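Here's the letter readout for the chains.
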Amino acid sequence: MTLTGGGARSRYWCQPRADALARPLGLPDNAEAALGMAVLARAGTTTPLGAAARDMVRLRTVVEPRPDHTLRLLESHLKLVDALEERGWLPPAVARHARRSAHL
């Protein structure tokens, strides 16, 4: 997973995202939000999305998740998923996927 946009310029602010997602996050050399749209535009032609991303995105660094932080965030994350689903702001299928992705 690669992040774009202004927040992707800061490793400090990307670390909690990697921890919460329990996934390594790539930070590109060019973090402008337009990069993501450019990749999608190219993929909309004859190039598969993955190939377009590999060709167009150069990573500056990768932020690795910290497992101890991920475990601390998990309970709060699942409470948020429950609350969003109860309010009707998160479809049940998406909530189920979020719970499964949290390895429950």
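First, a word on what this report is: a plain description of the structure on this page. (Residues numbered from 1 in each chain as written. Predicted model: local features only at pLDDT ≥ 70, side-chain atom pairs only at ≥ 80, totals over all residues. Heavy atoms only, no water.)

1. Focus: the side chain of Gln 15
Part 1: Structurally, Gln 15 is set in helix H1 (residues 11–21).
Part 2: The buried category is assigned to Gln 15, whose relative accessible area is 13%.
Part 3: In this structure, Gln 15 is in contact with Val 63, Glu 64, Pro 65 and Arg 66, ignoring residues within four places of it in sequence. (Helix = DSSP H or I, 4+ residues; strand = E, 2+ residues; numbered from the N terminus. Buried < 20%, exposed > 50% of the residue type's maximum accessible area, 1.4 Å probe, protein only. Contact = heavy atoms within 4.5 Å.)

2. Side note on the side chain of Thr 47
Part 1: Among the secondary structure elements, Thr 47 is positioned in the loop between helix H2 (33–43) and helix H3 (49–56).
Part 2: Not counting residues within four places of it along the chain, the set of residues in contact with Thr 47 comprises Arg 42 and Ala 52.

3. Quick notes on the pattern of salt bridges
Part 1: Counted according to the given criterion, the structure contains 6 salt bridges.
Part 2: Where Asp 82 meets Arg 99, a salt bridge forms, and the shortest distance between an N and an O atom there is 2.7 Å. One end of the pair, Asp 82, is in helix H4 (residues 67–86); the other, Arg 99, is in helix H5 (residues 92–101), and 17 residues separate them in sequence.
Part 3: Under the relative-accessibility criterion, Asp 82 is labelled partly exposed at 30%.
Part 4: Residues Glu 85 and Arg 99 are paired through a salt bridge, measuring 2.6 Å at the closest nitrogen-oxygen approach. Here Glu 85, found in helix H4, pairs with Arg 99, found in helix H5; they are 14 residues apart in sequence, far enough to count as distant.
Part 5: Sharing partners across several salt bridges, the network here consists of Asp 82, Glu 85 and Arg 99. (Salt bridge = Lys/Arg side-chain N within 4 Å of Asp/Glu carboxyl O.)

4. Quick word on the pairing of strand S1 (residues 25–28)
In regular strands, side chains alternate between the two faces of the sheet.
Part 1: Neither face of S1 is left uncovered, since the one carrying Leu 25 and Leu 27 and the one carrying Gly 26 and Pro 28 both have all their residues buried.
Part 2: Relative to strand S2 (residues 59–63), S1 runs antiparallel, the two sharing 4 bridges. Across the sheet, Pro 28 pairs through a bridge with Leu 59, a residue of S2. (Pairing = 2+ DSSP bridges.)

5. Digging into the nonpolar core
Part 1: Formed by Leu 3, Ala 8, Cys 14, Ala 18, Leu 25, Leu 27, Ala 31 and Val 63, the largest nonpolar core amounts to 8 residues.
Part 2: Going through the elements one at a time, H1 and S1 are the ones with two or more residues in this core.
Part 3: Among all residues touching Ala 31, those that are not within four sequence positions of it are Thr 4, Gly 5, Gly 6, Ala 8 and Arg 9. (Core = buried A, V, L, I, M, F, W, Y, C linked by side-chain atoms within 4.5 Å.)

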